[in-house]
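One letter stands for each residue in the lines below.
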Amino acid sequence: MKLKIFLGLVLLGLIAAGTGYYFFQKKVTPLDEVKADFKLTADELYNAFETDETAANQKFVDRVIEVTGTVDRFSQQETGVNIVLSAENAIAGGVNCSFSISPTEVEPGTMLTIKGRCQGLLLDVVLNNCSVVPST
């Protein structure tokens, strides 16, 4: 009886480990070809979260957003690149866009349109899995 329980627990552990490994290794789908749910300026997006974070979370979190703004900072990390778009009412920064595939380095003051998946407000509004939208 104890052997059956032990083998059952080992089997469940292997299934859990396999599932965890699968999700850890799963590639994130690029958003290049995904249509944006919303198109906003960095000021509009940041102000929506500053005005009513609960409503903004319900409206924007886990949605693909195309945001246009002026580059405040560009930073290279071990895990990718962050570009922060400035927002007028933000103390420092505004919309933090993280890229797993590094775009070419951009200078502060450059206007960019970036598409990413909104994660909500921390110190900045956070967009993940971003890509630069080519200007038309």
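Right above here is the structure, for reference.
Going along each chain's sequence as written, the residues are numbered from 1 onward. Given that this is a predicted model, residues contribute local features only at a pLDDT of at least 70 and side-chain atom pairs are listed and counted only at 80 or more, while totals for whole chains, interfaces and linings are drawn from all residues. In computing side-chain properties, one takes all heavy atoms of the structure into account and sets aside hydrogens as well as water.

A. View of the overall build of the chain. Secondary structure is summarised from DSSP: a helix means a run of H or I of at least four residues, a strand means a run of E of at least two, and numbering begins at the N terminus for each. Across its full length, the chain holds three helices and six strands. In the chain, the succession of α and β elements from N to C terminus is α-β-α-α-β-β-β-β-β. The globule rule puts the C-alpha radius of gyration for 136 residues at 14 Å, and the 20 Å found for the chain is more than 25% above it. For every residue, the accessible area (1.4 Å probe, protein chains only) is compared with the maximum for its type, and the residue is labelled buried under 20%, exposed over 50%, or partly exposed between those bounds. Going through the 136 residues of the chain one by one, you find that 34% of them count as buried. When contacts within the chain are restricted to residue pairs at least 6 apart in sequence, those whose partners lie at least 24 apart make up 60%. Per-residue and other accessible areas follow the Shrake-Rupley method at a 1.4 Å probe size, with only the shown protein chains counted as cover for residues. Element-wise, carbon and sulfur atoms account for 58% of the exposed surface of the chain, whose accessible area totals about 9200 Å². We count Lys and Arg on the positive side and Asp and Glu on the negative side, and we leave His and both chain ends out. Here the site of a charge means NZ on Lys, CZ on Arg, CG on Asp, or CD on Glu. Within the chain, one finds 11 positive and 16 negative side-chain charges whose respective centroids are separated by 17 Å. Atoms counted for the radius of gyration: C-alpha only. Globule rule: 2.2 Å times the number of residues to the power 0.38. Residue contacts are defined here by distance: any two heavy atoms, one from each residue, within 4.5 Å place the two residues in contact.

B. Structural context of the state of the cysteines. What counts as a disulfide here is a pair of cysteine sulfur atoms lying within 2.5 Å. Evaluation of the coordinates by the stated rule reveals zero disulfides. Looking at the unpaired cysteine 97, the closest cysteine sulfur is the one in cysteine 130, lying at 4.5 Å. Residue cysteine 97 is classed as buried on the basis of its relative accessible area of 0%. The cysteine cysteine 118 is free of any disulfide, with cysteine 130 supplying the nearest cysteine sulfur at 9.8 Å.

C. A look at the nonpolar core. Leu45, Phe60, Val67, Ile83, Leu85, Val95 and Ile114 are the most contacted members of the largest nonpolar core, which has 28 residues in total. Where this core is concerned, the elements lending two or more residues are strand E1 (38–41), helix H2 (42–51), helix H3 (53–60), strand E2 (64–76), strand E3 (81–86), strand E4 (94–99), strand E5 (111–121) and strand E6 (125–132). With residues near it in sequence (within four places) discarded, phenylalanine 60 still touches Phe38, Leu40, Leu45, Ala48, Phe49, Ile65 and Cys118. Buried residues of nine kinds, namely Ala, Val, Leu, Ile, Met, Phe, Trp, Tyr and Cys, make up a nonpolar core once their side-chain atoms join them within 4.5 Å.

D. Highlighting the pairing of E2. At least two DSSP bridges between two strands are needed for those strands to be called paired. In this sheet, E2 lies alongside E1 in parallel orientation, the contact comprising four bridges. By the bridge assignment, leucine 40 is partnered in E2 with valine 67. Looking at chain direction, E2 and E5 are connected through seven bridges and run antiparallel. When the bridges of E5 are listed, glutamate 66 appears paired with lysine 115. As judged from the five bridges shared by E2 and E3, these two strands associate in the antiparallel manner. Within E3, the residue paired with phenylalanine 74 across the bridge is isoleucine 83.

E. Region of interest: the packing of H2 against H3. Note on definitions: angles span 0 to 180 degrees between N-to-C directions of axes, and those axes are lines fitted to C-alpha atoms, for helices only across the stretch in contact. Between H2 and H3, the shortest axis-to-axis distance is 5 Å and the interhelical angle comes to 130°. When the axis of H2 is compared with that of H3, the two are oblique. Along its contact with H2, which presents Leu45, Ala48, Phe49 and Thr51, the element H3 presents Glu53, Ala56, Asn57 and Phe60. Throughout, the term roughly parallel applies to angles under 35 degrees, roughly antiparallel to angles over 145, roughly perpendicular to angles from 65 to 115, and oblique to all others.

These figures come from the coordinates and say nothing about function on their own.
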